[in-house]
Amino acid sequence: MIKDTGRIDAASILLNLTDYRVITVTQELAGRQVLVEPIETEAACPSCGVLTTRIQARPVHQVKDLPAGGDDLQVLVRKRRMACQEPACERRSFVQTTEQLPFRARITTRLSQRLVDEMSCELRAVSRVAAAHGVSWPTVMARLTTVGELVGNVDRMFIRRLGIDEHRFRKVRYALGRTGKVVRIEPWSIVFTDLDTGKILDIVDGRRGTAVKKWLKNRPRYWRQRVQYVAIDMSAEFRKAVRENLPKAKVSVDHFHVIARANLMITQVRRRRSHEVHERRGRATDPAYKYRKLLTCNLENLSIKQVERLKLILESDPELGVIYGIKEHVRQLLKTADIHEFQSRWAVLEKSVKATKMTEAKTLFRTLTAWRRELLVFVRTRLTNARSEAANLTAKNLKRIGRGYRNHGHYRLRILLYTAGLRPC
Ligand SMILES: [Zn+2]
């Protein structure tokens, strides 16, 4: 039986480069060499669009391609420089292009695609991927930048629920400024997350309120009008920036940060009491110091032995007992998803704060009062920034793999691509 394979021969099928056929395959000293040529003999002039078959020259170029049957394969392309036969056209000649090898391309589209896939599929150093495919570092980075510009365009995304959070992605650095003075470089980055998908939208360096304000201001009006909820930590600067730039958004405060404040309050009281009672800082012989971590743990997670120890500490110092009670009230307050329940728990908290004279408790309560509206939004929506914590981990791993990053743009790009979910694997 004769099977019609058209103009395609066995070598062309093996190489599997769309729109090209293999002319020769030779064994050279440096390795195998394959010479290919576009199948299509006719091409349209890019200026006038008139088809031509007249060949002016056949330049041969070497291109990079995916490895076929081993790494030692060199791909040479015999291109066609065509002559435009339209008398009215100004262009005299042009080089035939294909989908796999666009104008002036030195690497095939399929290799380019592979580079992007490998970089966004797993956390790998750019240099490693470049070396594995025999291309240079800037080649890989340029491909990533192109894709990043497409998928990383925040303004094209429909964001209903936005998360704004701060992460410490790098160490504090000091550099010599223009005036000759040493300048401290901000180690904090602000992460914007789509809370519906967990996708990182952007990472910006800079000071808290200013950076957020600037970023939000740069978004188009329709984008800002769509945002309904924003989750932030208890930062007045963030809140102000959101209120000014996202008119329709309701602000929700992340309960994680509220609990952190309550725990800080306990620590402050413990330290103050140590100075009042012992006139020194805590020591391992003081039960309240030795078991200080129990004070900030969730009660329901403690073992029976730990609960007994905690009881001992709380009974030994009435002030610690009271402040611990207040912290638990704060936790109860945020546990509920019911507004009425929230109101009654708020009343209990308020009563217990009023009954004490401790300034630490009063300060915390004042802060909570200032954030009451945002706490209510949290109770209704349970919106948190927990998903951006995952990005924090990704960023840390990425830094280890890349042996550090000096260019924030590259760093940002890698994180965005990794969390964008465009990888097929
Ligand atoms: Zn033409």
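Residues numbered from 1 in each chain as written. Predicted model: local features only at pLDDT ≥ 70, side-chain atom pairs only at ≥ 80, totals over all residues.

Looking at an unreviewed UniProt entry, one finds the protein named ISL3-like element ISAar15 family transposase, with Glutamicibacter arilaitensis as its source organism.

## A word on the packing of helix α12 (residues 318-335) against helix α13 (residues 339-355)
Axes are the key here: two packed helices are described by the angle between their axes and the distance separating the axes. We apply this condition: Between N-to-C directions, angles cover 0 to 180 degrees, with each direction set by a line fitted to C-alpha atoms, over the stretch in contact for helices. Only DSSP runs of H or I with at least four residues qualify as helices, and only runs of E with at least two residues qualify as strands; both kinds are numbered from the N terminus onward. Comment on the angle field: the value is read as roughly parallel under 35 degrees, roughly antiparallel over 145, roughly perpendicular from 65 to 115, and oblique elsewhere. Crossings are sorted by hand: turned counterclockwise from the far helix by less than a right angle, the near helix makes the crossing left-handed, and turned clockwise it makes it right-handed. We call two residues in contact when their backbone-placed C-beta atoms lie within 7 Å. Classification convention: Asp, Glu, Lys, Arg as charged; Ala, Val, Leu, Ile, Met, Phe, Trp, Tyr, Cys, Pro as nonpolar; all other residues, Gly among them, as polar.
Following both chains from N to C, one finds α12 and α13 inclined at 165°, their axes separated by 9 Å at the closest point. By the angle between their directions, the pair α12 and α13 is classed as roughly antiparallel. Regarding α12 and α13, the two cross each other, and that crossing is left-handed. Taken together, the residues of α13 that come into contact with α12 (itself represented by Gly325, Ile326, His329, Val330, Gln332 and Leu333) are Phe342, Arg345, Trp346, Val348, Leu349, Ser352 and Val353. Split by residue class, the contact of α12 with α13 holds eight nonpolar, four polar and one charged.

## As for the sheet that holds strand β2 (residues 32-38)
What counts, and what does not: For two strands to pair, DSSP has to find at least two bridges joining them.
Read from one edge to the other, the open sheet built from four strands follows the order β1-β2-β7-β6, with strand pairing classed as mixed. Each end of this open sheet is capped by a strand with a single partner; those strands are β1 (20-27) and β6 (60-63). Going across the sheet, the axis of each strand differs from the next one's by a mean of 30°, ignoring polarity. Relative to β2, β1 is paired through seven bridges, and the arrangement is antiparallel. Among the inter-strand pairings, threonine 24 is bridged to a residue of β2, identified as leucine 35.

## A few points about helix α5 (residues 208-217)
The test is simple: Three exposure classes are used. Buried residues have 20 or more other C-beta atoms within 10 Å of their own C-beta, exposed residues have 12 or fewer, and partly exposed residues fall in between, all C-beta atoms being placed from the backbone. The arc refers to the directions leading from the helix axis to the C-beta atoms.
By the burial criterion, the buried members of α5 are Ala211, Val212 and Leu216. Projected down its long axis, α5 shows its buried positions confined to an angular sector of 125°, all on one face. Turned more than 90 degrees away from the buried face of α5 sit Thr210 and Lys217, all of them exposed. Contact partners of the buried residues in α5: β10 (161-168), β13 (188-194), β14 (200-205), α6 (221-226) and α7 (236-245).

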